[in-house]
Every structure is written in C-alpha cells, then in structure tokens.
Amino acid sequence: MRSGFQTIALSGIAAIALTAMTTGADAKIWKLTAASSHPPIVPWVAVIKNHVVPQSNVRLKEIGSPDSIKWTQAYAGALYNFNNALEGVQDGLTDIGWVGTLWEPVKMPLHNVTFYAPFVSATVHQLVEIQEHMETTIPAMKKEWDKHNQVYLGAQAADTYHIVSTFPINSMADLKGKKFMAPGAVANWLKGTGAIGINGGLPVYYNNMKTGVADGAIIITTGMLPFKLHEAAPYITKVDMGGPISGALTMNKDSWKKLPAHMKILFRDLGRDYARMQSDIIAQKEALFLKIMAKQGAKISEFPASERKKWVNGLPDLAGNWAKANGAAGKQVLSAFMEGVRKRGGKPSRDWDK
C-alpha cells in the first residue's frame, strides 16, 4: 500500500465497508461505496455517478428483488488520488470504482499495451471492443485483476492523444528541452525527442503548466476542456498519437463474493453499459470540445505529417521490448491489440508486432 493511504481517517474506512442489514423477510439493504480519484466531469467517472449508481436500484426493482443498495459516493480524490486508485479498490476503501491502469505499468503491465504501441489510430469504440475481447479471452488479463483483489466489470478507453502547451509546436525541434505532463508509460513516447516527461494525473496538469513546472501535456481532447487546460496552455497541436485503453470499472473481490447471484448479474450488465456509455460520450465530445476551446481562444494546429513520421520512426522498439519483458502473455496481448485494430479498420503508423 502506498503511503498516501495513511492520511485517510479510520472513521472513513469504517464507513465504507460493504455490509448488509436485514429489513424484513429476505430483504436486505446493501451498503456500497462508489469512488474515483477523478471528478465526475470526465466521462469515465460521470457514468458511474449518473448511471451505474442510480440504475443499480432501478434494476433491482425491475427484476422484483427485495434488495436495495444504499450508496456512499466519493469522487475527485476524496478517498485516494490517481496513484492509489488500484489499491483503493484492492484494499476495500471503495467497493466499486474506476481504476486508471495507465499509472500502473509495473503492477498491471498487460493493461498498458496501448502505451507501448503508440501512434496506432483507432476510435474509442474500437478500443473498447478490443479491450472487452482481450479481457474475456486472455486469461493473463484476468489474472492481473485477480492479483489485486478485483473483478473486472467494464472497459474504459479514450480518444486519441494530442498536445496542449504554453508555446507553439510546429516541428520535432520545438519539443527539445521542454517538459510535458505524460502519465505513466506515455513518457516513453518522448524518447528521442529531447523532451522530458513528468508523471501525473489530470487534476494536477493546470497548476503545473500555469506555474511552469511543465510546458505542456500529452493528453486526450476530452481531458482538456473539463480541466480548462487551454486557459493555462493555449496551444493545442493535433498529433494523433493513438487512443488508449487506460482503465476499467472494477469491484473489490471481497465485496463481490458477498453479493447474491442476481446482483452479480446486475453489475456485469452495468459494466457493459459503462463501457458503451463512456465511449459514446467521448466520441460525441471529442470534436465538440475542440470547437469550444477554439472559440475560447485556444490556438489549434495540425502537427505536420512529415514531422509526425519522424517522431514515429525515431522511437525505439517500445512494443517489442515490452512484449519480451512480459513473456508469452505480452506477445499474446500485443498481437491481440494490433490485430484487433487492423480488423476494425484502424491504422497503425508502425507495425509494432512485426
């Protein structure tokens, strides 16, 4: 467990444990907590608050169950920050939550495949389909969740990565010596550019760029507007580095085991809803957010195709080295990801699996 957990009050931990109270003949009120390191202004958390939580009780009534759920909700880092999301669910600080696997390249290596195979263009819907396929067909993917005491419920992918910065970017030369917020393994994408990557979660990007800690960020479009990053860094350079499979909706396994069969089915269904709905929101808002930010003064430009090609070809064999380090499972996941993209019409700028 990371040291950040030591700051959580014992009373808070006690309040969020899953329990059941008998209210009548066979009727139970289940006390559950839903939490996230990020606020519900981002789609992958908004769907938890606006759909998963309320729909759980609606659907219990629809199937005629006497059970109900009394929810405690704790978002925006109320229980843990982005670095502790995996442990937050693992240790039962929350029963259900979004886990950003992008910050866990060591503990969840197979779930970081997209971060070692950048510049692979695919839509968020395609990425969700690919993740669902891998989670259900590759045993090693499930083992990573098992190892951290969690049950996978639904996929979470996002739109493609671009750059937001305090200065204009027109070529590779403009990146040299600059500092960019680059979560987890994304920092590897800067190898060979002369730029420096700084790990961090979206909630810290604005202040870091505003105060000069960072000169910019490698980030998805749908993360820019909600955190008003274009106000701190008005230059948006569309690079299309590829969208990520960056997390999942999961449940603490101990909490899961206590649930009756009909509630497990319910949460499996809500997990599929989660995957579909968060990707729908992202697909709808990606272009819209660029238009809004442009109206608010953001200066949007396209990174030249020739410079992008230099960037892609100048990277070391990130995926090959990653696959070797993760053995047979790594090679299987990389192959499944790349083939999944090709089968769905995506366009890899580099064939990382060949």
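Here we summarise the structure given alongside this text. Note that the structure is predicted; figures quoted are calculated from it, not measured. (Residues numbered from 1 in each chain as written. Predicted model: local features only at pLDDT ≥ 70, side-chain atom pairs only at ≥ 80, totals over all residues. Heavy atoms only, no water.)

Digging into the overall build of the protein chain
Consideration 1: For the protein chain, the count of helices and strands is 13 helices and 14 strands.
Consideration 2: In summary, the protein chain has a C-alpha radius of gyration of 21 Å against a globular reference of 20 Å for 354 residues, a match within 12%.
Consideration 3: The C-alpha extent of the protein chain, read off along each of the three principal axes, is 70 × 45 × 35 Å.
Consideration 4: Looking at the protein chain alone, contacts between residues at least 24 apart form 76% of all its contacts between residues at least 6 apart.
Consideration 5: Counting every atom, the protein chain has about 14,400 Å² of accessible surface; 54% of that belongs to carbon and sulfur.
Consideration 6: The average position of the 40 basic charges and that of the 28 acidic charges among the side chains of the protein chain differ by 2 Å. (Helix = DSSP H or I, 4+ residues; strand = E, 2+ residues; numbered from the N terminus. Rg over C-alpha atoms; globule rule 2.2 N^0.38 Å. Contact = heavy atoms within 4.5 Å. Areas by Shrake-Rupley, 256 points an atom, 1.4 Å probe, with all protein chains shown as cover. Lys, Arg positive; Asp, Glu negative; His and termini not counted. Charge placed at Lys NZ, Arg CZ, Asp CG, Glu CD.)

Observations concerning the pattern of salt bridges
Consideration 1: The final tally for this structure, using the stated rule, is twelve salt bridges.
Consideration 2: The partner of E129 in a salt bridge is R344, with the nearest N and O atoms 2.9 Å apart. In this pair, E129 sits in helix α4 (residues 124-137) while R344 sits in the loop between α13 (327-343) and β14 (347-348), placing the two residues 215 residues apart along the sequence.
Consideration 3: Of the residues examined, R344 reaches a relative accessible area of 29% and is grouped as partly exposed.
Consideration 4: Linked through salt bridges whose partners overlap, the residues forming this network are E339, R342, D351 and D353. (Salt bridge = Lys/Arg side-chain N within 4 Å of Asp/Glu carboxyl O. Buried < 20%, exposed > 50% of the residue type's maximum accessible area, 1.4 Å probe, protein only.)

Some points on the sheet that holds strand β10 (residues 216-220)
Consideration 1: Strand order in this open sheet of six strands is β9-β8-β10-β7-β11-β13, and the pairing throughout is mixed. Edge strands, defined here as strands with exactly one partner in the open sheet, are β9 (196-198) and β13 (299-302). Adjacent strand axes in the sheet meet at a mean angle of 30 degrees, parallel and antiparallel pairs treated alike.
Consideration 2: Pairing between strand β7 (residues 161-165) and β10: five bridges, direction antiparallel. (Pairing = 2+ DSSP bridges. Axes fitted to C-alpha atoms, helices over the stretch in contact; angles between N-to-C directions.)

Digging into the pairing of strand β4 (residues 96-100)
Along any regular strand the residues' side chains alternate between the sheet's two faces.
Consideration 1: In terms of burial, β4 is largely enclosed, as five of its five residues are buried.
Consideration 2: On β4, burial covers both faces: I96, W98 and G100 on one face and G97 and V99 on the other are all buried.
Consideration 3: For strand β2 (residues 27-35) and β4, the ladder comprises two bridges, and the chain directions are parallel. From the neighbouring strand, A35 faces β4, where its bridge partner is G97.

Quick look at the environment of Y206
Consideration 1: In this fold, Y206 is placed in helix α6 (residues 202-210).
Consideration 2: Distance in space between the C-alpha atoms of Y206 and M224 is 9.4 Å, their sequence separation being 18 residues.
Consideration 3: Beyond its immediate chain neighbours, meaning those up to four positions away, Y206 contacts F227, K228, L229, E231 and A232.

It is worth stressing that arrangement in space is one thing and function is another; only the former is reported here.
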